[in-house]
Amino acid sequence: MEITHVIRAEEWIASTPKHIQLYKAFGWEEPKWYHMPLLRNADKSKISKRKNPVSLNYYVEEGYLKEGLLNFLALMGWSFGGDKEIFSLEEMIENFSFDRISLGGPVFDLVKLGWVNNQHMKLKDLKELTKLALPYFVKAGYYENEDLSDEEFTKLMRIVEIGRESAQTLKAHFIQTVFLARFNMSTLFPVVIASGFHLFPFRTEKLSPTAPMVLRKRESRSPPSYFQVEALPARLLGGLFV
């Protein structure tokens, strides 16, 4: 059959003797058998699709990069060697060996997955990362479609560049931690921010996601100074989300 290696879950260990006999009965050359430990929840229970999302499509839709998922899943049953935890698929292929497979039950730690994904977001080309993030901004309503002008895309790149420093996914963190103004400013009163800033609209009409805002620093003895920004991290807004 030209199968050289069989790599599967440890649940198949009990059936292996039968499979060996089948290979002998058909006169086939027996492959090498490897049985991997099952992924576990944080409480060490077996991961079940009835309780947890196990489809890779789910994690892709949630905004995890394929590089981050591959890296994380590789760490679940294998060690690169040394203290290296962040690596590409090419690096894994080049350095893979069966003697570094872990026999312990690895925990599917979402916190660790978020950290690994964040590292790959920082490593990824900014323009490419922005293209991947754009659909999530469109779905959240910050843009009508993905057909952005060069100016809009450049501004979005700035937002992504800021957000990826702490972002864990393309979906949740960018949308939640980057403040984009898109409401009727004629009804907005100045927002007092805990950091000592007042927020004022640069114009009174409804702003686009990339429209500028004006910050005025509260200073008791000197005239207020004004400057424009395209976007502000939400943490500066004292928990205000738009």
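Parameters and conventions
Residues numbered from 1 in each chain as written. Predicted model: local features only at pLDDT ≥ 70, side-chain atom pairs only at ≥ 80, totals over all residues. Heavy atoms only, no water. Helix = DSSP H or I, 4+ residues; strand = E, 2+ residues; numbered from the N terminus. Buried < 20%, exposed > 50% of the residue type's maximum accessible area, 1.4 Å probe, protein only. Contact = heavy atoms within 4.5 Å. Areas by Shrake-Rupley, 256 points an atom, 1.4 Å probe, with all protein chains shown as cover. Pairing = 2+ DSSP bridges. Right-handed = clockwise from strand over helix to strand, strands pointing away. pLDDT = per-residue confidence, 0-100. Salt bridge = Lys/Arg side-chain N within 4 Å of Asp/Glu carboxyl O. Phe/Tyr/Trp six-rings, centres within 6.5 Å; stacked < 30°, edge-to-face > 60°. Lys NZ or Arg CZ within 6 Å of the ring centre and 35° of its normal. Patch = residues over 30% accessible without salt bridge, like charges linked within 9 Å, V, L, I, M, F, W, Y side chains within 5 Å. Axes fitted to C-alpha atoms, helices over the stretch in contact; angles between N-to-C directions. Parallel < 35°, antiparallel > 145°, perpendicular 65-115°, else oblique. Nonpolar A, V, L, I, M, F, W, Y, C, P; charged D, E, K, R; others polar. Polar contact = N/O pair within 3.5 Å; in protein donor to acceptor, adjacent residues only side chain to side chain. Expected span 1.5 Å × (residues − 1). Left-handed = near helix turned anticlockwise from the far one by under 90°.

> Explain the overall build of the protein chain to me, and be specific about the residues and the numbers.
A tally of helices and strands in the protein chain yields eight helices and eight strands. Sorting the 242 residues of the protein chain into buried and exposed places 38% on the buried side. Sequence-distant contacts in the protein chain: of pairs separated by 6 or more residues, those separated by 24 or more amount to 57%. Total accessible area on the protein chain stands at roughly 15,100 Å², and carbon and sulfur atoms take up 55% of it.

> I'd like a rundown of the pairing of strand β1 (residues 5-9), residues and numbers included.
The sheet contact formed by β1 and strand β2 (residues 32-36) spans five bridges and is parallel. Each bridged residue has a counterpart across the sheet, and for His-5 the counterpart in β2 is Lys-32. Taken together, β1, helix α1 (residues 16-26) and β2 form a β-α-β motif whose crossover is right-handed.

> Lay out the confidence of the model for the protein chain in plain terms, naming residues and giving numbers.
Reading fine detail from the predicted coordinates is not recommended where pLDDT is low. Averaged over every residue, the pLDDT of the protein chain is 74; residues scoring 70 or more account for 69%. Within the protein chain, the lowest mean pLDDT, 33, falls on strand β4 (residues 191-193), and the highest, 95, falls on α1. Here residues 179-242 is a poorly scored stretch, pLDDT under 50, and it has 124 contacts once near neighbours within four places are set aside; other chains count.

> Tell me about the pattern of salt bridges, and name the residues and values.
On inspection of all chains with the given rule, the structure shows seven salt bridges. A salt bridge links Lys-155 to Glu-151; the nearest nitrogen and oxygen atoms lie 3.4 Å apart. Linking Lys-155 with Glu-151, this pair stays in helix α7 (residues 150-163), spanning four residues, or about one helical turn. Each of Glu-67, Lys-124 and Glu-128 takes part in salt bridges that share partners, so that together they form one network.

> With reference to specific residues and values, describe the packing of aromatic side chains.
All told, the structure shown has 14 aromatic pairs when counted by the stated rule. Put simply, the rings of Tyr-34, Trp-78, Phe-80, Phe-87, Phe-96 and Phe-98 pair up and form one aromatic cluster. Directly above the aromatic system of Phe-80 lies the positively charged group of Lys-84, at a separation of 5.5 Å from the ring centroid.

> Would you mind going over a nonpolar patch on the surface in detail, with residue names and values included?
A contiguous nonpolar patch, built from Met-1, Ile-3, Leu-22, Phe-26 and Trp-28 and spanning about 510 Å² of accessible area, is present on the exposed surface. Secondary-structure assignment places Met-1 in the segment before β1. Since its relative accessible area comes to 55%, Met-1 is described here as exposed.

> Any chance you could break down the packing of helix α6 (residues 126-139) against α7 for me, citing the residues and the numbers?
Their axes nearest at 9 Å, the elements α6 and α7 cross at an angle of 95 degrees. In terms of orientation, α6 and α7 fall into the roughly perpendicular class. Where α6 abuts α7, its residues Leu-126, Lys-127, Leu-129, Thr-130, Lys-131, Ala-133, Leu-134 and Phe-137 lie against Phe-153, Leu-156, Met-157, Ile-159, Val-160 and Glu-161. Broken down by class, the residue content of the contact of α6 with α7 amounts to 10 nonpolar, one polar and three charged.

> Account for the side chain of Thr-130, with residues named and values stated.
Along the chain, Thr-130 falls in helix α6. Of note is the side chain of Thr-130, whose polar atom sits 2.8 Å from the backbone oxygen of Leu-126. With residues near it in sequence (within four places) discarded, Thr-130 still touches Phe-153, Leu-156, Met-157 and Val-160.

> Account for helix α5 (residues 110-123), with residues named and values stated.
Over its 14 residues, α5 runs 20 Å from end to end, which matches the ideal 20 Å to within 8%, given 1.5 Å per residue. Along α5, the positions that sit buried rather than exposed are Leu-113, Gly-114, Val-116, Asn-117, Asn-118, Gln-119, His-120 and Met-121. A side-chain oxygen of the first residue of α5 lies 3.0 Å from the backbone nitrogen of Val-111; this N-cap is Asp-109.

> Report on the packing of helix α3 (residues 66-77) against α5, specifying residues and quantitative values.
Packing of α3 against α5 brings their axes to within 8 Å, and their N-to-C directions diverge by 135 degrees. Taken together, the axis directions place α3 and α5 in an arrangement best described as oblique. As for how α3 packs across α5, the hand of that crossing is right-handed. Touching Glu-67, Gly-68, Leu-69, Asn-71, Phe-72 and Leu-75 of α3 are Lys-112, Leu-113, Val-116, Asn-117 and His-120, all from α5. Split into classes, the residues belonging to the contact of α3 with α5 amount to five nonpolar, four polar and two charged.

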